[in-house]
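Architecture and fold: a report
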Amino acid sequence: MSDPAKPSRHQSGMRDERYGEVLLISPDERGGLKAAVYTTYGLNDCPLDKWNALDAGALAAEFGVPAVFLNGPRFWTIDEVTTYAWGDVEKFDGLEARWAAEVRIPPDVDVTAGPGKKHYVATTVDRDTEYVLKAGRPAYALTDAEGRTYVLQAYSHTVDDSQSMDSLASLGDRLQLPKGWRFRTHTPDQDMHVRTVDKKATVVQDELENTYMLHAR
């Protein structure tokens, strides 16, 4: 879990850096599900041999939770982050990862269903961060039917390991977007700051497991 006594952490040079997330899933106090999210970023580059050797079932038994979801490998599409709340490091079969967030899992999303799960569903993440996308570098975003903008924070190899930073320019041609949604690419002329609100982020994933964060302005 997070420790409010710890100072904020700033990390830069993140774009296209590889990482993985281990989600420890358990019941929450409201009868739903929550997940403690541990990230390898800042500790290692999610070595593929160690990542591919992880066994979700064995980890669930080891940590005493009903289920574990392995989210990755993933690659950042942001440039910098300031993290205001962060936690301790755990070892998952020798792979180090640090507590980064807690996710409230919507009742209609089955995180264990892999590529068949529902997408474009807003999920609340308890974390306190500010992402920066630097001016003059491509930014990718979804706009939903109500006009809200979600900025791509990371692309994933969970579904398609051929995805790359270069392929993101044509990502919109591959997505089966809900009615009224659209994908766009643009190059900001000023740094974009994407901040959590009241220590919460709202995120969605597309069908390739790429993750976007609501840009609340």
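Structure: above.
Residues numbered from 1 in each chain as written. Predicted model: local features only at pLDDT ≥ 70, side-chain atom pairs only at ≥ 80, totals over all residues. Heavy atoms only, no water.

Let's shift gears to a negative patch on the surface. A cluster of acidic residues, Asp55, Glu62, Glu90 and Asp93, forms a negative patch at the surface. With respect to the helices and strands, the residue aspartate 55 is situated in the loop between helix 1 (48-53) and helix 2 (56-63). Aspartate 55 gets classed as partly exposed once you look at its relative accessible area, which sits at 46%. (Patch = residues over 30% accessible without salt bridge, like charges linked within 9 Å, V, L, I, M, F, W, Y side chains within 5 Å. Areas by Shrake-Rupley, 256 points an atom, 1.4 Å probe, with all protein chains shown as cover. Salt bridge = Lys/Arg side-chain N within 4 Å of Asp/Glu carboxyl O. Lys, Arg positive; Asp, Glu negative; His and termini not counted. Charge placed at Lys NZ, Arg CZ, Asp CG, Glu CD. Helix = DSSP H or I, 4+ residues; strand = E, 2+ residues; numbered from the N terminus. Buried < 20%, exposed > 50% of the residue type's maximum accessible area, 1.4 Å probe, protein only.)

Within the element layout of this structure, threonine 196 appears in the loop between strand 13 (192-195) and strand 14 (200-205). You can call threonine 196 buried: its relative accessible area is 6%. Only 3.0 Å separates the side chain of threonine 196 from the side chain of arginine 195, close enough to count as a polar contact. Discounting residues that sit within four places of it in the chain, threonine 196 has contacts with Arg127, Asp128, Thr129, Ala201 and Met213. (Polar contact = N/O pair within 3.5 Å; in protein donor to acceptor, adjacent residues only side chain to side chain. Contact = heavy atoms within 4.5 Å.)

We now examine the sheet that holds strand 5 (residues 80-83). On the basis of which strands lie adjacent, the open sheet formed by four strands has the order 1-5-9-13 and antiparallel pairing. The sheet terminates laterally at strand 1 (9-12) and strand 13, the two strands that pair on one side only. The average angle at which neighbouring strand axes cross in this sheet is 15°, direction not considered. In this structure, strand 1 lies alongside strand 5, joined through four bridges in antiparallel fashion. Among the inter-strand pairings, arginine 9 is bridged to a residue of strand 5, identified as threonine 83. (Pairing = 2+ DSSP bridges. Axes fitted to C-alpha atoms, helices over the stretch in contact; angles between N-to-C directions.)

Moving on: the environment of glycine 72. By secondary structure assignment, the location of glycine 72 is in strand 4 (residues 67-76). For glycine 72 and serine 164, which are 92 residues apart along the polypeptide, the C-alpha to C-alpha distance reads 14 Å.

Below, the discussion takes up the pattern of salt bridges. Applying the stated criterion to the full structure yields 14 salt bridges. Glutamate 146 is paired through a salt bridge with arginine 148; the nearest N and O atoms lie 3.1 Å apart. The structure contains a network of salt bridges with shared partners spanning Asp28, Glu29, Glu102, Arg104, Asp126 and Lys200.

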